[in-house]
Amino acid sequence: MSSSSTLLEPARTLPVFGDYDVVVIGGGPAGLAASASAARHGARTLLIERYGFLGGMGTAGGVTNFAGLYGRRNGEMHQLVHGVVDELLDRLDALGGLNQPQDGMQGRIRVRSYDTSAYKCAADQLLIAAGVELLFHAQAAAVIMKGPRIDAVVIETKSGRQAVRASVFIDCSGDADVAAWAGVPHEIGDGQGSGLFPTTMFRVGHVDAAAALAAVGEFQAINRYMAQAQSDHPGRYQFPREGAILRPQIKPSEWRANVTQLKNAQGQAMNGVDARELSQGEIDGRRQIADYFHFLREQVPGFAQASIIEIAPQVGIRETRRIAGQYALTGQDILNSARFDDSMGINAWPMELHQHGRIEWGFPTDPLRAYNDLPWRMLVPQGVDNLLVAGRCASMTHEGQSAARASGACFVMGQAAGTAAAHSAGSPLVETDVKQLQQWLRADGAYIEG
Ligand SMILES: Cc1cc2nc3c(=O)[nH]c(=O)nc-3n(C[C@H](O)[C@H](O)[C@H](O)COP(=O)(O)OP(=O)(O)OC[C@H]3O[C@@H](n4cnc5c(N)ncnc54)[C@H](O)[C@@H]3O)c2cc1C
């Protein structure tokens, strides 16, 4: 049977799981902040997540690291993303799961790694304390429209296919699944068949911490060992990309490895919203990890007795669909430290373009304000009245997204989306009173300049 053949699915009557003020789809950084904020602002809120735990790429993708929370202001590094994320950091810390800040790129970036299991627990605690209802193992699969509004999202669960109704939906799926089904215009990747290349993450344990820190403790020092191994042993090691990132976790006997790169059969970025490519990507990622682990054990001080303690549950997807909203954040906005009147918070991460075989970084040119505002309009999709889209699938160009996809900006977007949704009272979200929204966000601890 050819893959283009189709079948008509018979119509069926669906049970309604519930009717909410706000339904958030996806429990990554954006969805966490969105649902916690909506519930705290009095909305009856449901979070739908396809896995049995929260964290999104941060847990399911094995990222284990927060980027974009800190940025350089007047020559000094500060935490510039605040609000819901502060409570998450506190809860992670209380569980012993949050590392001290780590600097890199000549002091231009600061990140914080964390323990994945602690993140899952801290996120549960945070949302339960906020009064969010959690529905795990539920995959959004379709929408039912009523004019320019989404009437219901259809979910697939172990209890069967059901419908969930709400006044406002917030798509935090990372892939803009709901927005795409609702007809919101969007682009996939770079719009030319490729995009930011995905990576399967893994962690290595039982490392000799002192030896490893001395050899590869500096950000990207591992790349010198890769170059040396290739010149000493021609043909023995094939690396999927330059610009490997190998960093110690909270206990430096454990390291995370961000080193693989997944291509499709055409050599372009594996497409994270193509079922066959996703499937092949999982296999390729694990094969690359096995190869890289040989190199680590054979060539890198401290790793001879190490073992792989986790290959991430799923391939790490950096970019798939990005919606067309009321404004698209651009690469120039990142480089020029853009300011916006409708700012909802800060993106403090530079452009990080994962291209074929390498990473291209792009830093803001102003050293005194090495970060940009995130405009509210990037959450408001074209054409659907009761939908917001937050996180890595919000309205950005390919270049802008390479920066604001980092967790820091996703927390900012989620908090703004959840707060606005809770107060929308049935009005189209494009009519949101942004000055009032900024007041609520500031009152809840968010940092907004201007
Ligand atoms: C390999 C890699 C390394 C990275 N490194 C860093 C880093 O060091 N620091 C950093 O801050 N950021 C890093 N990032 C980026 C960052 O992790 C993501 O961009 C960020 O997690 C995006 O947040 P999000 O909430 O928009 O989406 P996601 O984190 O992707 O979360 C989306 C959630 O929605 C769920 N979902 C998806 N579709 C559906 C559906 N149809 N129904 C129900 N649920 C659904 C998913 O299971 C997931 O939980 C990295 C990304 C990758 C891939």
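Shown above is the structure to which this text applies.
Residues numbered from 1 in each chain as written. Predicted model: local features only at pLDDT ≥ 70, side-chain atom pairs only at ≥ 80, totals over all residues. Heavy atoms only, no water.

Caption draft 1: The arrangement of the pattern of salt bridges in detail. Applying the stated criterion across every chain yields a total of 21 salt bridges. Asp 103 is the salt-bridge partner of Arg 110, the closest N and O atoms lying 2.7 Å from each other. Glu 360 is paired through a salt bridge with Arg 358; the nearest N and O atoms lie 3.5 Å apart. Note on Glu 360: relative accessible area 33%, which makes it partly exposed. Connected through shared salt-bridge partners, Arg 339, Arg 369, Asp 373 and Glu 449 make up one network. (Salt bridge = Lys/Arg side-chain N within 4 Å of Asp/Glu carboxyl O. Buried < 20%, exposed > 50% of the residue type's maximum accessible area, 1.4 Å probe, protein only.)

Caption draft 2: Region of interest: the packing of aromatic side chains. As enumerated under the stated definition, the model contains 14 aromatic pairs in all. Between Tyr 327 and Phe 340, the aromatic rings sit 5.1 Å apart at their centres with planes inclined by 65°, giving edge-to-face as the arrangement. Of this pair, Tyr 327 sits in the loop between strand E17 (321–323) and helix H8 (331–335) while Phe 340 is found in the loop between H8 and strand E18 (343–347), placing the two residues 13 residues apart along the sequence. According to the relative accessible area criterion, Tyr 327 is partly exposed, its value standing at 23%. With a relative accessible area of 13%, Phe 340 lands in the buried category. Their ring planes at 65° and their centres at 6.0 Å tell us that Trp 349 and Trp 361 sit as a pair that is edge-to-face. With Trp 349 in the loop between E18 and strand E19 (351–355) and Trp 361 in strand E20 (residues 358–362), the pair connects residues that are twelve residues apart, well separated along the chain. Residue class for Trp 349 comes out buried when judged on its relative accessible area of 7%. Ring pairing ties together the aromatic residues Phe 66, Tyr 114, Tyr 119 and Phe 411, which thus form one cluster. (Phe/Tyr/Trp six-rings, centres within 6.5 Å; stacked < 30°, edge-to-face > 60°. Helix = DSSP H or I, 4+ residues; strand = E, 2+ residues; numbered from the N terminus.)

Caption draft 3: Structural context of the site of the ligand. What surrounds the ligand is a group of 35 residues, the closest being Glu 49, Arg 50, Ala 67, Arg 405 and Ser 407. Glu 49 is positioned with one of its side-chain polar atoms (N or O) 2.6 Å from an oxygen atom of the ligand. Residue Arg 50 places a side-chain N or O atom 2.8 Å away from an oxygen atom belonging to the ligand. Considered on its own, the ligand offers 1,000 Å² of accessible surface; in the complex 96% of this is hidden by protein. Breaking the shell around the ligand down by element, the ones donating at least two residues are helix H1 (29–40), strand E3 (65–66), strand E9 (139–146) and helix H10 (407–422). Each residue belonging to the shell around the ligand can be placed in one class, and the counts come to 16 nonpolar, 13 polar and six charged. (Near = heavy atom within 4 Å. Polar contact = N/O pair within 3.5 Å; in protein donor to acceptor, adjacent residues only side chain to side chain. Areas by Shrake-Rupley, 256 points an atom, 1.4 Å probe, with all protein chains shown as cover. Nonpolar A, V, L, I, M, F, W, Y, C, P; charged D, E, K, R; others polar.)

Caption draft 4: Spatial organisation of the sheet that holds strand E13 (residues 202–205). Strands sit in the order E14-E15-E13-E16 across an open sheet of four strands; the sheet is antiparallel. Of all the strands in the sheet, the pair left with one neighbour each is strand E14 (245–248) and strand E16 (307–311). Recorded for the sheet is a direction-independent mean angle of 25° between the axes of neighbouring strands. Across three bridges, E13 lies against strand E15 (residues 255–258) in antiparallel orientation. By the bridge assignment, Arg 203 is partnered in E15 with Arg 256. (Pairing = 2+ DSSP bridges. Axes fitted to C-alpha atoms, helices over the stretch in contact; angles between N-to-C directions.)

Caption draft 5: Examining the sheet that holds strand E6 (residues 102–104) more closely. Pairing within the open sheet is antiparallel, and its three strands lie in the order E3-E7-E6. Looking at the sheet topology across the chains shown, the edges are occupied by E3 and E6. In the sheet, E6 pairs with strand E7 (residues 109–113) via three bridges, with the strands oriented antiparallel. Bridge assignment links Gly 104 to a residue of E7, and that residue is Ile 109.

Caption draft 6: Region of the structure containing the packing of H10 against helix H11 (residues 434–443). The geometry of H10 relative to H11 is characterised by a closest axis approach of 10 Å and an angle of 115° between their N-to-C directions. Note on packing geometry: the crossing formed by H10 with H11 is right-handed. In contact with Gln 415, Ala 416, Thr 419 and Ala 420 of H10, H11 contributes Leu 437, Trp 440 and Leu 441. Each residue belonging to the contact of H10 with H11 can be placed in one class, and the counts come to five nonpolar, two polar and no charged. (Left-handed = near helix turned anticlockwise from the far one by under 90°. Contact = heavy atoms within 4.5 Å.)

Caption draft 7: Here's a closer look at the nonpolar core. Core analysis: the largest hydrophobic core is formed by 69 residues, its most contacted members being Ile 170, Leu 379, Leu 388 and Met 413. With nine residues, the single largest contributor to this core is H10. Beyond its immediate stretch of four places on either side in the chain, Leu 379 contacts Met 344, Leu 387, Leu 388, Val 389, Ala 390, Ala 394, Met 413, Ala 416 and Ala 417. (Core = buried A, V, L, I, M, F, W, Y, C linked by side-chain atoms within 4.5 Å.)

Caption draft 8: How the structure looks around the environment of Phe 202. Positionally, Phe 202 belongs in strand E13. C-alpha separation for the pair Phe 202 and Arg 286, spaced 84 residues apart in sequence, amounts to 9.0 Å. The contact partners of Phe 202, leaving out residues within four places of it in the chain, are Trp 255, Arg 256, Ala 257, Val 259, Ile 289, Tyr 292, Leu 296, Ile 308, Glu 310 and Ile 311.

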